[in-house]
Amino acid sequence: MAIDSIRQMTVEEYFAFDEASDYKNEYIDGEVYPMTGGTAYHAEIMLNLGFALRLRLREGACRFYSSAMRISVSPTRYLYPDLSVVCGEPALDERAINLFNPTLVAEVISPTTANRDRGFKRDLYRSIPSLQVYLVIDQFEAQVEVDSRLDDNWRTREYAGLDAIVPLPTLDCDLPLAEVYAGISF
């Protein structure tokens, strides 16, 4: 089932609607998009990813946020990645609801979100000046796409298999896919 927008509203109306809603909603230029639920694999992969990164970055100045943290891509675009990391001081709005300066964002894809996460949302995330790494994580096979900022350009690389290790030089660490997919059977 495709994710459809549910209606047009202003940014202020969206904030009120999203905060009162039982589910998360993304906002793109006046249109509201309800977020779909995840699978057990999705939840486990995100916890594994957060734990693996936290172990490697615990001595640094990085902060980790779950999918509850809304990312401001621009004044008219707001997304909820599955995981975000800020290295340095987080830039938040006065209520600490919107994050403006993620260093890394990650999305676990499903059949219904794969095209959006690999296309439109990838482009939106890449437009955030602070973003250095975008991870697209498959939940049905051990495969991760890594978009890395190199100066003003982006490079996309794929890593596959449980023996693969994803280099994250911006964060000064490596990420073993065996840890991201721990406990997942394909």
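Residues numbered from 1 in each chain as written. Predicted model: local features only at pLDDT ≥ 70, side-chain atom pairs only at ≥ 80, totals over all residues. Heavy atoms only, no water.

The helix and strand inventory of the protein chain stands at 5 helices and 14 strands. Taking the principal axes of its C-alpha atoms as reference, the protein chain extends roughly 45 × 35 × 30 Å. A buried classification covers 49% of the 186 residues belonging to the protein chain. Long-range contacts, defined here as pairs at least 24 residues apart, represent 52% of the contacts in the protein chain between residues at least 6 apart. (Helix = DSSP H or I, 4+ residues; strand = E, 2+ residues; numbered from the N terminus. Buried < 20%, exposed > 50% of the residue type's maximum accessible area, 1.4 Å probe, protein only. Contact = heavy atoms within 4.5 Å.)

The end-to-end C-alpha separation of helix 2 (residues 40–57) is 26 Å, in line with the 26 Å expected for 18 residues at 1.5 Å each. Of the residues making up helix 2, those classed as buried are His 42, Ile 45, Met 46, Asn 48, Leu 49, Gly 50, Ala 52, Leu 53 and Leu 57. Capping the start of helix 2 is the job of one residue whose side-chain oxygen sits 3.4 Å from the backbone nitrogen of Tyr 41: Thr 39. (Expected span 1.5 Å × (residues − 1). Polar contact = N/O pair within 3.5 Å; in protein donor to acceptor, adjacent residues only side chain to side chain.)

Secondary-structure assignment places Lys 121 in helix 4 (residues 120–126). Side chain to side chain, Lys 121 and Glu 26 meet in a polar contact 3.0 Å long. The contacts of Lys 121, once residues within four sequence positions are left out, are Glu 26, Met 35, Leu 79, Tyr 80, Glu 107 and Arg 116.

Where a protein is soluble and globular, its nonpolar side chains tend to be buried together. The biggest cluster of nonpolar side chains holds 30 residues, and the ones touching the most others in it are Leu 49, Leu 53, Leu 135, Ile 137 and Leu 168. By residue number, the principal contributor to this core is helix 2, which donates 6 residues. Counting 19 residues, the second-largest nonpolar core is a separate cluster that includes Val 73, Leu 99, Tyr 134 and Val 136. (Core = buried A, V, L, I, M, F, W, Y, C linked by side-chain atoms within 4.5 Å.)

Here we come to the state of the cysteines. Scanning the entire structure with this criterion turns up 1 disulfide. The disulfide that involves Cys 62 links it to Cys 87, with 2.1 Å between the sulfurs. A torsion of 100° about the S-S bond marks the disulfide between Cys 62 and Cys 87 as right-handed. Of this pair, Cys 62 sits in strand 4 (residues 62–65) while Cys 87 sits in strand 7 (residues 83–87), placing them 25 residues apart in sequence. Residue class for Cys 87 comes out partly exposed when judged on its relative accessible area of 31%. Left without a disulfide partner, Cys 173 is nearest to the cysteine sulfur of Cys 62, which lies 8.4 Å away. Taking relative accessible area as the criterion, Cys 173 reaches 10% and is therefore assigned buried. (Disulfide = S-S within 2.5 Å.)

We now examine the side chain of Asp 93. Within the secondary structure, Asp 93 sits in the loop between strand 7 and strand 8 (98–99). Buried charge Asp 93 goes without a salt bridge, the closest partner of opposite sign being Arg 70 at 5.3 Å. Among the polar contacts made by the side chain of Asp 93, one reaches the side chain of Asn 98 at a distance of 3.0 Å. Apart from the residues within four sequence positions on either side, Asp 93 is in contact with Asn 98 and Phe 100. (Lys, Arg positive; Asp, Glu negative; His and termini not counted. Salt bridge = Lys/Arg side-chain N within 4 Å of Asp/Glu carboxyl O.)

Attention now moves to the sheet that holds strand 3 (residues 31–34). The 6 strands lie next to each other as 1-3-2-6-5-8, forming an open sheet whose pairing is mixed. At either margin of the open sheet sits one strand with a lone partner, and together these are strand 1 (7–8) and strand 8. Both strand 1 and strand 3 contribute to a ladder of 2 bridges, which runs antiparallel. Bridging from a neighbouring strand, Arg 7 pairs with Val 32 of strand 3. (Pairing = 2+ DSSP bridges.)

Turning to the environment of Tyr 65, a few remarks are in order. Here Tyr 65 shows up in strand 4. Tyr 65 sits 37 residues away from Pro 102 along the chain, and the two C-alpha atoms are 9.6 Å apart. The residues touching Tyr 65, leaving out its near neighbours within four places in the chain, are Asp 82, Leu 83, Ser 84, Val 86, Pro 90, Leu 92 and Leu 99.

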